[in-house]
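Descriptive analysis of the structure
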Amino acid sequence: MGIWQSIKMALRSIQSNKLRSALTMLGMIIGVSSVIVLVSIAQGSAQNVTSRINQLGTNLLTINTFGTDLALTEDKISELSKLNGVKAISPVVSGRVNVKKDKTASQVSVTGTNAAYSDVRDTKVKQGRFITDLDIEYRQKIAVIGSEAASTFFGAENPVGQYIQIEGTSFKVVGVLASKGSSMGQGGDNTIIVPLSTGQRLVKSTTINQVYLQGKSEDQMDAVMNEVKLALAGMYPNKSDSYSVTNQKDLMDTMSSVTNTMTMMLGGIAGISLLVGGIGIMNIMLVSVSERTKEIGIRKAIGAKRRDVLLQFLIEAVVLSGVGGLIGILAGVGLGKLLSSLFSLTVSFTSSVMIGSFLFSLMVGVIFGVFPANKASKLNPIQALRYE
């Protein structure tokens with residue numbers, strides 16, 4: 001008997017037992033859709049985290065010192081800026097300040113820095129301009145505010161050119177930052193950026209304990225980091241525990257490792273439901289063998305070979321798992337989009353996950369279909385014909 005005739009007989013058998021076939025496929029549908037939804041959510045979360053880390057700045061090193069006696073002076077910052085591979089450097093002072101506009105008052109984080117901060121931390125200005133070196137030199141009372149702060153104090157108005165009170169002093173708003181969201185507990189939109197000299201007055205400290213450093217190339221960041229560490233070791237001999245240098249790439253690698261582990265774990269959990277679906281297929285096929293014992297006996301009595309019976313039951317198992325897999329893909333994509341819209345989740349669908357889950361469902365159908373198919377093919381035709 002040809003392969004196409006075997007396929008037709010298998011499809012006819014499935015069609016004649018619609019409810020049983022649907023219930024059998026349900027396990028595969030749930031399994032495949034679970035794999036797609038969980039893995040896609042994990043991958044979307046990974047992309048979201050990566051994007052947020054990138055928003056902290058490009059090719060970024062963060063230098064922190066601990067204690068007023070280890071402050072990064074202007075001379076030391078200048079020395080660091082002259083190292084090979086360094087594109088820009090941005091010292092910062094930060095704190096919390098009281099801000100008021102008319103009857104609206106709130107505490108906002110303030111950052112005092114230089115003009116290079118915009119490039120180093122990849123900070124985009126939506127309206128107006130960023131601070132300049134002249135603003136720092138002349139200790140200008142100007143401010144660039146985050147989008148959330150702009151909404152809090154000015155509502156739908158354009159803040160550029162208007163004034164706010166910071167710790168009782170009037171500051172002119174010269175720019176509004178584009179929204180970046182909250183990134184790893186840093187950044188955020190409820191912030192105000194002022195010139196470094198002005199920021200030092202606001203936070204009542206001239207001590208600089210943090211510097212952001214931008215490398216010229218991502219490929220050179222390890223070398224630049226080593227040079228920075230050597231320079232700091234020369235500046236602060238025998239005090240290696242009193243400062244730290246953090247590479248953004250290291251943070252990215254760590255987060256990638258965590259998200260990859262999470263993706264594998266979620267995929268494994270969802271994969272278990274595929275195995276359960278496979279067991280369901282095997283159980284139904286075994287029941288089918290029992291119900292069709294007489295049919296198998298008649299087929300073998302009129303010349304059907306063991307291979308023909310084995311192939312028919314195997315095809316039935318593969319068709320059930322394959323159709324279940326296809327429906328599972330559609331259900332998984334639909335459910336993923338629904339969850340994305342309802343809970344504002346980042347869901348990333350990839351063809352490799354869909355194809356992989358479908359092929360896995362087919363493989364499960366074959367593996368769990370072999371045993372009942374083999375049992376059916378071994379039935380003795382005489383005993384099968386006498387079966388009631």
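In this numbering scheme, every chain counts its residues from 1 along its sequence in written order. In keeping with the model being predicted, local features are shown solely for residues with a pLDDT of at least 70 and side-chain atom pairs are shown and tallied solely at 80 or more, while totals for entire chains, interfaces and linings include all residues. Only hydrogens and water are set aside when side-chain values are computed; all heavy atoms of the structure are taken into account.

**Some remarks on the pattern of salt bridges**
The salt bridge definition used is simple: a Lys or Arg side-chain nitrogen within 4 Å of an Asp or Glu carboxyl oxygen. Evaluated as defined, the whole model comprises four salt bridges. Taking the shortest distance from any N to any O, the salt bridge between Asp122 and Lys124 comes out at 2.4 Å. What makes Asp122 partly exposed here is its relative accessible area of 26%. For each residue, the accessible area found with a 1.4 Å probe, counting protein chains only, is set against the maximum for its type, and the residue is called buried under 20%, exposed over 50%, and partly exposed in between.

**Brief notes about the side chain of Ser197**
Runs of E in the DSSP output that reach at least two residues are strands. Runs of H or I that reach at least four are helices, and both are numbered from the N terminus. The residue Ser197 is located in helix 7 (residues 196–202) in this model. For Ser197, a relative accessible area of 8% gives the class buried. Here the side chain of Ser197 touches Ile136 through a polar contact of 2.9 Å, landing on its backbone oxygen. Not counting the four nearest positions on each side in its chain, Ser197 is found in contact with Asp135, Ile136 and Arg139. Pairs of N or O atoms within 3.5 Å make up the polar contacts considered here, provided that, within protein, one atom can donate a hydrogen while the other can accept it, and that residues adjacent in sequence are counted only when both atoms are side-chain atoms. Any two residues whose heavy atoms approach within 4.5 Å at even a single point are treated as in contact.

**With respect to helix 6 (residues 147–154)**
Regarding helix 6, the residues found buried are Ser147, Ala149, Ala150, Phe153 and Phe154. For helix 6, the angular spread of the buried residues around the axis is 160 degrees, confining them to a single face. With its phi angle positive at about 60 degrees, Gly155 sits one or two positions after the end of helix 6. Directions are taken from the helix axis to each C-beta atom, and the arc is the one they span.

**Concerning the nonpolar core**
Counting residues in hydrophobic clusters, the biggest one holds 28 residues, and the most contacted among them are Met285, Ile296, Phe313 and Ala376. Those residues in contact with Phe313, other than ones at most four positions away along the chain, are Met285, Ser288, Val289, Arg292, Ile296, Ala373 and Ala376. In these notes, a set of buried Ala, Val, Leu, Ile, Met, Phe, Trp, Tyr and Cys residues joined through side-chain atoms within 4.5 Å is what counts as a nonpolar core. Ranked by size, the runner-up nonpolar core spans 25 residues in total, among them Leu83, Leu196, Tyr243 and Val245.

**Here we look at the confidence of the model for the protein**
Each residue carries a pLDDT value, the predictor's own confidence for that position, ranging from 0 to 100. Looking at the protein as a whole, its pLDDT mean stands at 85, while 94% of the residues score no less than 70. Element-level mean pLDDT values for the protein span from 48 in strand 9 (residues 186–187) up to 96 in strand 5 (residues 142–145). In the predicted structure, residues 183–187 sits below a pLDDT of 50 and forms ten contacts with residues beyond four places in sequence or in another chain.

**Topic: the pairing of strand 6 (residues 163–166)**
Going residue by residue along strand 6, you find Ile164 and Ile166 tucked away on one face and Tyr163 and Gln165 left uncovered on the opposite face. The pairing of strand 6 with strand 7 (residues 169–177) spans four bridges and is antiparallel. Its bridge partner lying in strand 7, Ile164 is registered against Phe171. Between the end of strand 6 and the start of strand 7, which pair antiparallel, lie two residues, with Glu167 showing a positive phi angle near 50 degrees. A pair of strands is treated as paired once DSSP finds two or more bridges between them.

**Quick look at unusual backbone geometry**
Across the chain, the bulk of peptide bonds are trans and the bulk of non-glycine residues have phi less than zero. In the Ramachandran plot, Glu167 falls in the positive-phi region, its phi being about 50 degrees despite a non-glycine side chain. For Glu167, the location among the structural elements is in the loop between strand 6 and strand 7. By relative accessible area, which is 36% here, Glu167 ends up partly exposed. Look at Ser344: it is not a glycine, yet its phi comes out positive at around 55 degrees.

**Digging into the environment of Gln140**
By the element assignment, Gln140 lies in the loop between helix 5 (133–137) and strand 5. With 171 residues separating them along the chain, Gln140 and Leu311 place their C-alpha atoms 84 Å apart.

**Overview of the environment of Val125**
In this fold, Val125 is placed in strand 4 (residues 125–128). Here the alpha-carbon distance between Val125 and Asn380, two residues 255 residues apart in the chain, equals 81 Å. If near-sequence neighbours (up to four positions away) are discounted, Val125 is found in contact with Phe130, Val176, Leu177 and Ala178.

**Some points on the packing of helix 10 (residues 293–301) against helix 11 (residues 306–343)**
Here an axis means a line fitted to C-alpha atoms, over the contact stretch when the element is a helix, while the angle between two N-to-C directions is reported on a 0 to 180 degree scale. Interhelical geometry of helix 10 versus helix 11 gives an angle of 140 degrees and a closest axis separation of 10 Å. Our classification of the angle between helix 10 and helix 11 gives oblique. With respect to the hand of their crossing, helix 10 and helix 11 are arranged in right-handed fashion. Seen from helix 10, the contacting residues are Glu295, Ile296, Arg299 and Lys300; seen from helix 11, they are Asp308, Val309, Gln312 and Phe313. Residues are sorted three ways: Asp, Glu, Lys and Arg are charged, Ala, Val, Leu, Ile, Met, Phe, Trp, Tyr, Cys and Pro are nonpolar, and all the rest, Gly among them, are polar. Split by residue class, the contact of helix 10 with helix 11 holds three nonpolar, one polar and four charged. Put simply, angles under 35 degrees are roughly parallel, angles over 145 are roughly antiparallel, angles from 65 to 115 are roughly perpendicular, and the rest are oblique. By convention the crossing between two helices is left-handed if the near helix lies anticlockwise of the far one by an angle smaller than a right angle, and right-handed if it lies clockwise.

**Description of the side chain of Asp135**
Tracing the backbone through its elements, the reader meets Asp135 in helix 5. There is a polar contact of 2.9 Å between the side chain of Asp135 and the side chain of Arg129. Polar side-chain contacts of Asp135 include one of 2.9 Å to the backbone nitrogen of Thr132. Leaving out residues up to four positions away in the same chain, Asp135 has contacts with Arg129, Phe130, Gln140, Ile142, Pro195 and Ser197.

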